[in-house]
Structures are given as C-alpha cells and as structure tokens.
Amino acid sequence: MRLVFIGPPGAGKGTQAARLIERYSLVHLSTGDMLRAARDAQTEIGRKADAYMSRGELVPDEIILAIVEERLNQPDCARGFLLDGFPRTIAQAEALDRMLAARGTPLDVVLELRVPEEELFRRLAGRGRSDDSPEVIRQRLVAYRNQTQPLLDYYGRTGLLRSVDGVGTVDEVFERIVSLLDAYPAQESRL
C-alpha cells in the first residue's frame, strides 16, 4: 500500500499514522526525518539540504524531491509506505506522481483526516504548549487550510482522495480508516 496521509495540526494524524504503519507493515516517510537522515548520512543531497536548513531557509523542491526519490529507492519501501508531510504543493504532488509512475508504483490512496476547525482549536489549546496560543493556533490552521486545499482539490480530481471523519476516540477513528482502506479496491493486489 502506497499512501499519502494529510491532516491538520491537532487531528491526531501522528497517532493514526503509527497505528497504520504497524497494521499494514508500511514504512513511515516523513520529509523532516528524511531531510535529517540525509544530512546526518552526509549524502550529496543531504549536504545540499543542510546548507538551506542551517540558514533556516526552506529546502527547495528539487532537493526535497531528490531526497524522497533516494528514500523510495530503499528496499524497505517496496512493501509500501505512508508519506507524511509530503507533498505540500501541487508541484510536489505532480512530481511525486511522475516519479512513482516511472517506477510503475503509483499511489493507492490519499487519506485526509478531517476534523472541524472548532474541534482542532479545542484540542490544540488543550495541549498547554507555549506555541499553542490562540493566535498561533489560528495562524497554523489558516496556513494549513490555504496550503492544503489545492492539494485536496488536485487529489480529488485524480480520484485518489478519501476523507475520514477524525472526530471520536482514537479507536473509533482508526476503525473508520481501516474500514476505508480494507475496502479500497487497489489494496487487494498490493497488500
């Protein structure tokens, strides 16, 4: 199973991703983790990424894509993966689609964990972190919505997008996700 997992801050995406990885024996691919691993391994791409990261700048798409491709070439990704935090833009999504199509391993599904903003705000404010002030939370949710809506539209047009209600207990949400994934037709041939 090859999937992209999308969800706003406070949706419980990290908790659900960990459970999905275990249930379906997927490799968790987080762009942040991949960037740090490439930097620590001192690969050519990792050194290029580090030059941007050490200056506090965004790493350009071509470097992010090269790191994603480098990671997808690892043998453990052959059995399936969950991409978390990538793609973030339409250009990245299109490049990912081309990369996977060239390998003959297209995405199976793009899973959106959907939670109303009022609930997200309540969850984030309840964490008590210093960076979770009401204004910061509002900014994060607006940024997420502005950044993610074009991706949701893109994947909706491709027919890959599936949305799951993220309100409820961790187990209830997980069961909804599993029911959706287990019923998804492409899974039978790829699990």
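Use the structure listed above.
So, how was this worked out
- Residues numbered from 1 in each chain as written.
- Predicted model: local features only at pLDDT ≥ 70, side-chain atom pairs only at ≥ 80, totals over all residues.
- Heavy atoms only, no water.
- Helix = DSSP H or I, 4+ residues; strand = E, 2+ residues; numbered from the N terminus.
- Rg over C-alpha atoms; globule rule 2.2 N^0.38 Å.
- Buried < 20%, exposed > 50% of the residue type's maximum accessible area, 1.4 Å probe, protein only.
- Salt bridge = Lys/Arg side-chain N within 4 Å of Asp/Glu carboxyl O.
- Core = buried A, V, L, I, M, F, W, Y, C linked by side-chain atoms within 4.5 Å.
- Contact = heavy atoms within 4.5 Å.
- Phe/Tyr/Trp six-rings, centres within 6.5 Å; stacked < 30°, edge-to-face > 60°.
- Lys NZ or Arg CZ within 6 Å of the ring centre and 35° of its normal.

Asker: Quick rundown of the overall build of the protein chain? Include the residues and the values.
Answerer: For the protein chain, the count of helices and strands is 9 helices and 5 strands. Reading the protein chain from its N end, one meets helices and strands in the order β-α-β-α-α-α-β-α-β-α-α-β-α-α. Taking 191 residues into account, the globule formula puts the C-alpha radius of gyration at 16 Å, and the protein chain, at 17 Å, falls close to it. Judged by the C-alpha coordinates and their principal axes, the protein chain covers about 45 × 45 × 30 Å. By residue count, 43% of the 191 residues in the protein chain fall in the buried class.

Asker: Tell me about the pattern of salt bridges, residues and numbers included.
Answerer: Side-chain pairing between opposite charges can occur once the charged atoms of the two side chains come close. One pass over the structure, following the stated rule, counts 14 salt bridges. With a closest N to O distance of 3.2 Å, R39 and D40 form a salt bridge. Note on R39: relative accessible area 24%, which makes it partly exposed. Between R122 and E119 there is a salt bridge, and its shortest N-O distance comes to 2.6 Å. Taken together, the positions of R122 and E119, both in helix α6 (residues 117–125) and 3 residues apart, correspond to about one turn of that helix. The structure contains a network of salt bridges with shared partners spanning E119, R122 and R123.

Asker: I'd love a proper account of the nonpolar core, names of residues and values included.
Answerer: Counting 59 residues, the largest nonpolar core has L96 and Y155 as its most contacted members. Broken down by element, the residue count for this core peaks at 7 residues, all from helix α7 (residues 134–158). Other than its neighbours up to four places away in sequence, L96 contacts V4, L65, V68, L72, L83, F86, P87, L107 and Y155.

Asker: Please set out the packing of aromatic side chains residue by residue, giving values where relevant.
Answerer: On inspection of all chains with the given rule, the structure shows 1 aromatic pair. Taken together, a centroid distance of 5.0 Å and an interplanar angle of 70° make the contact between Y154 and Y155 edge-to-face. Comparing Y154 with Y155 shows no difference in burial state: the two are buried. A cation over a ring is seen here: R19 above F174, with NZ or CZ 4.4 Å from the ring centre. The aromatic ring of Y52 is capped on one face by R55, whose charged end is 5.1 Å from the ring centroid.

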